[in-house]
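Observations on chain architecture
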Amino acid sequence: MNISALQTHPKFGQPHSIHEVECAIKSNQPVNDEYRLLILDAPSELLDCEPGQFFHLLCPLTRNQQPYLRRPMSIYGYYPDKGELHFLYKVAGEGTAAIGTLGTGDKLNVLGPLGRGFDILPDWRNLLLVARGVGLATLAPLALEARRLDRKLTAICSARSEHFLLSLDYFRNLGVNVIPLTDETATSDINNMRAIIEKLLAEDGIDAMYTCGSNRILKLLQSIGKAHDIPGQIALEQQMACGIGMCQCCVRAFRRDGDVVNERVCKEGPVFDLQEAIGC
Amino acid sequence: MLDLTTQIGSLTLKNPIMPASGTFSEDLAQVFDLGALGAHVTKTVTREKRSGNPTPRVCEVRGSMLNSIGIPSKGIEAFKAAVIPFYARYDAPLVVSISAGSTDEFATLCEEVSVPGVAAVEVNISCPNIEEDGKAFAMRPSTTEAVMRKLRDATDLPLWAKLTPNTGETTEVAKAAAETGADALVVSNTLLAMAIDIKTRRPKLGNLMGGLSGPAFKPIALRMAYQCAKSVEIPVIGCGGISSVEDVIEYLIAGCAAVQVGTATFIEPAIMVRMIDELNTYLQSQGLSSVAELVGSIEDEQASDGLIFMEAAP
Ligand SMILES: Cc1cc2nc3c(=O)[nH]c(=O)nc-3n(C[C@H](O)[C@H](O)[C@H](O)COP(=O)(O)OP(=O)(O)OC[C@H]3O[C@@H](n4cnc5c(N)ncnc54)[C@H](O)[C@@H]3O)c2cc1C
Ligand SMILES: Cc1cc2nc3c(=O)[nH]c(=O)nc-3n(C[C@H](O)[C@H](O)[C@H](O)COP(=O)(O)O)c2cc1C
Ligand code: FES
């Protein structure tokens with residue numbers, strides 16, 4: 001592992017907390033037909049991070065893939081005790097395909113941790129997490145944090161089929177109440193999801209909701225949140241160039257105080273207030 | 001002791017490497033000590049608040065990128081309150097980049113940013129001029145002259161004119177800027193370009209077209225910087241596609257007194273610090289003692305050495 005020139009610089013009292021590091025790959029294995037789990041050997045300064053934050057990955061150049069910009073990827077897991085940083089990713093195009101070619105012992109240059117993660121406020125005891133597809137990758141570390149903070153967590157996980165439902169065992173092992181929904185079993189439609197959430201609300205109550213990855217789920221949670229006055233957060237995506245706030249490439253629009261404002265997903269986000277988010 | 005300093009008019013920079021406007025902000029202080037740089041150049045600021053162009057604002061092209069950020073701006077008041085004080089802690093000179101849609105508005109803004117803490121004003125005359133049907137000021141010598149004259153009257157600070165590659169009159173524009181009071185030229189801004197998604201048949205940028213930057217753009221910007229350095233007496237600051245110390249050196253040899261690094265910082269945030277280090281090593285390896293010895297050292301006399309080369313070949 002080679003920690004590059006980016007040492008922390010206490011000189012001007014600046015928060016020099018972003019690091020660029022060449023990490024060795026411990027493993028990079030498919031978990032199903034679409035997703036792969038990448039495990040990096042990471043130094044402790046990279047692992048001082050929080051759920052919802054992300055890293056900017058410098059994809060390797062291969063014969064067929066020539067990605068130029070870095071690619072943003074949420075932290076799937078971070079384990080300071082083992083010195084491991086995990087990413088769960090879907091091979092989407094050039095950059096992720098290039099990462100897919102890397103094997104144990106190869107190096108990957110990562111920049112981070114970046115952005116603002118999820119909050120778990122002290123009075124949020126009953127947490128609800130609703131995710132679809134690869135959104136689960138972003139929400140998974142929240143489960144670990146919820147357990148560390150001794151909070152109750154229910155995870156509604158939705159996907160096309162059982163086969164694509166990632167992380168169910170991971171969640172269950174952390175004591176999460178998991179509710180799987182699939183298109184295949186016709187359980188993932190939005191009305192059924194609403195009914196399930198209303199039931200949870202009536203039984204135990206919900207103090208906060210978290211989501212990522214689906215416009216329909218965003219709309220549903222916004223409507224439930226408004227009706228029952230439940231706060232929530234959402235992790236959003238946008239094309240990025242710098243990943244650290246300089247270029248203004250990654251803005252999205254948000255509703256705030258009756259106005260529409262632009263915020264940078266890489267800097268003010270990727271986690272935002274659920275009610276302020278505007279779907280696409 | 002190697003002398004990395006370089007002179008841009010009345011300003012002495014401790015080294016010739018600085019960021020390009022729009023690819024640098026206070027956020028980079030979280031990565032390295034910004035005090036290492038030759039100067040600090042802010043994102044272009046406008047007088048009024050602006051939100052910029054629709055998304056997606058960026059796309060990748062082979063070995064480079066296109067952007068259509070537009071010029072989102074917090075407005076000059078917010079800028080003065082937050083940005084200028086931030087850079088006061090560093091001794092690197094602060095260069096504020098400004099833009100406006102008319103000559104008068106440009107002059108007013110220039111006056112407004114000429115405050116203590118600002119060492120020079122970089123005028124981004126690559127933006128559309130509303131008085132001229134949206135053509136950028138720096139596309140033609142006449143509009144360049146008109147705006148530079150007004151700007152010259154508006155401030156005593158050094159004025160850096162940032163030129164556009166979207167013109168067929170590079171040297172004429174450069175001369176016009178130099179003759180009307182520019183203290184230095186920055187060559188150049190991005191090249192108008194386009195990319196299309198073949199699945200959706202839609203342009204990849206929300207604004208349809210955008211600016212090409214990064215390595216693919218370097219030979220064009222280097223050519224322009226060379227042409228400008230040949231045709232004006234004022235210092236030229238090279239900008240475009242610089243992503244290694246070799247690129248920096250090429251620009252210096254071509255006649256640039258300093259360089260600006262843009263897109264490369266997105267790929268490697270501390271690349272400018274590495275370049276400063278490597279420039280030191282290069283000078284040493286060449287037996288040079290200063291950057292000044294390198295600047296404009298290009299051997300470009302039209303020599304008839306084609307034959308000599310062939311004779312020398314084994
Ligand atoms: C904060 C954040 C966290 C993310 N976390 C994950 C994750 O944990 N797992 C995962 O599989 N994916 C995640 N993504 C999406 C991931 O970044 C894209 O799938 C990836 O960049 C695609 O790159 P590519 O070269 O394979 O695809 P291409 O389609 O070839 O990419 C071309 C360009 O589009 C950009 N791009 C494509 N899709 C997206 C997207 N969805 N969001 C932003 N930019 C995109 C790429 O960065 C690149 O610049 C995240 C995105 C963001 C913004
Ligand atoms: C994301 C982005 C934003 C930019 N914003 C500005 C700007 O606000 N003002 C300006 O004068 N140039 C702006 N530029 C142009 C750069 O300053 C520079 O001239 C150009 O990118 C070429 O250099 P490079 O190839 O090293 O990036 C921007 C470039 C990029 C990529
Ligand atoms: S990606 Fe550059 S500001 Fe967010």
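See above for the structure.
In short, a report on the structure. Residue numbering note: each chain is counted from 1, following its sequence as written. Here chains are named by letter from A upward and ligands by number from 1 upward, in the order in which they appear as written. Side-chain atom pairs in this predicted model are given and counted only at pLDDT of 80 or more, local residue features only at pLDDT of at least 70, and totals for whole chains, interfaces and linings cover all residues. To obtain the side-chain values, all non-hydrogen atoms of the structure were used and water was disregarded.

1. Observations regarding the overall build of chain A
- Only runs of H or I of at least four residues qualify as helices and only runs of E of at least two qualify as strands under DSSP, and these elements are numbered from the N terminus. On a plain count of helices and strands, chain A comes out with 5 helices and 16 strands.
- For a compact globule the rule gives 2.2 Å times the number of residues to the power 0.38, and the radius of gyration it is set against comes from C-alpha atoms. Expected size for 280 residues packed as a compact globule is a radius of gyration near 19 Å; at 19 Å, chain A falls within 12% of this value.
- Structurally, chain A occupies a C-alpha span of about 55 × 45 × 35 Å along its principal axes.
- The buried share of chain A, taken over its 280 residues, is 57%.
- By the convention used here, residues are in contact when the closest approach between their heavy atoms is within 4.5 Å. Residue pairs in contact within chain A that sit at least 24 positions apart in sequence constitute 65% of those at least 6 positions apart.
- For the accessible areas, the method is Shrake-Rupley and the probe is 1.4 Å, while residue cover comes only from the protein chains on display. Of the accessible surface of chain A, which amounts to about 11800 Å², a share of 48% is contributed by carbon and sulfur atoms.
- In this tally, Asp and Glu contribute negative charge and Lys and Arg positive charge; neither His nor the terminal groups of the chain are included. Charged groups are reduced to one reference atom each: NZ for lysine, CZ for arginine, CG for aspartic acid, CD for glutamic acid. In chain A, the 28 positive side-chain charges and the 33 negative ones have mean positions that sit 3 Å from each other. Buried residues are those whose accessible area, probed at 1.4 Å on protein chains only, stays under 20% of the maximum for their type, while exposed residues exceed 50% and partly exposed ones sit between those limits.

2. Some details on the site of ligand 2
Residues and elements named next belong to chain B.
- Every one of the 23 residues lining ligand 2 counts as a neighbour, but Ser21, Thr44, Lys162, Gly241 and Thr263 are closest to it.
- Between an oxygen atom of ligand 2 and a side-chain N or O atom of Lys162, the distance comes to 2.7 Å.
- Here an oxygen atom of ligand 2 and a side-chain polar atom of Thr263 are 2.6 Å apart.
- Relative to its unbound accessible surface of 610 Å², ligand 2 loses 98% to contact with the protein.
- Asp, Glu, Lys and Arg are counted as charged, while Ala, Val, Leu, Ile, Met, Phe, Trp, Tyr, Cys and Pro are counted as nonpolar; the rest, among them Gly, fall into the polar class. The residue makeup of the shell around ligand 2, split by class, is 6 nonpolar, 15 polar and 2 charged. By convention in these notes, a residue is near a molecule or strand provided one of its non-hydrogen atoms lies within 4 Å of it. N or O atoms closer than or at 3.5 Å make up a polar contact, with two conditions inside protein: a donor-capable atom paired with an acceptor-capable one, and, for residues adjacent in sequence, both atoms drawn from side chains.

3. Thoughts on the interface of chain A and chain B
- The partner chain B presents 36 residues to the 35 residues of chain A that form the contact.
- Together, the buried faces of chain A and chain B total about 3100 Å²; carbon and sulfur atoms form 59% of this surface.
- Within this document, salt bridges are pairs made up of a side-chain nitrogen of Lys or Arg and a carboxyl oxygen of Asp or Glu, the two lying within 4 Å of each other. Viewed at the interface, chain B and chain A are joined by 4 salt bridges.
- A salt bridge links A:Lys267 to B:Asp27; its shortest N-O distance comes to 2.8 Å. What gets called buried area is simply the loss in accessible area from a 1.4 Å probe that two parts show on being joined, summed for both.

4. Details of the sheet that holds strand β9 (residues 159–162) of chain B
Residues and elements named next belong to chain B.
- Note on pairing: two strands pair once DSSP finds at least 2 bridges between them. The parallel open sheet is built from 8 strands, whose spatial order is β3-β16-β15-β10-β9-β8-β7-β4. Unpaired on one side and paired on the other, β3 (17–19) and β4 (40–41) mark the two borders of the sheet.
- As paired elements, strand β10 (residues 184–187) and strand β15 (residues 236–239) share 3 bridges and run parallel to each other. Bridge assignment links Val186 to a residue of β15, and that residue is Ile237.
- Helix α3 (residues 141–154) rests against β7 (94–98), β8 (120–124) and β9 of the sheet, and its axis sits at about 160 degrees to β9.
- Across the sheet, helix α8 (residues 271–285) is in contact with β3 and β16 (258–261); its angle to β3 comes to roughly 170 degrees. Lines fitted to C-alpha atoms define the axes, with helix axes restricted to the stretch in contact, and inter-axis angles between N-to-C directions lie between 0 and 180 degrees.

5. Thoughts on α8(B)
All names here are of chain B.
- One less than the residue count of a helix, multiplied by 1.5 Å, gives the span that helix is expected to have. Between its first and last C-alpha, α8 extends 21 Å over 15 residues, near the 21 Å set by a 1.5 Å rise per residue.
- Every buried residue of α8 is accounted for by Ile271, Met272, Met275, Ile276, Leu279 and Leu283. In a view along the axis of α8, the buried residues occupy a sector of 140 degrees, so they form one face of it. Of the exposed residues in α8, the ones pointing more than 90 degrees away from its buried face are Asp277, Gln284 and Ser285.
- Following α8 by one or two positions, Gly287 adopts a phi angle in the positive range, close to 70 degrees. Here the arc refers to the directions that run from the helix axis out to each C-beta atom.

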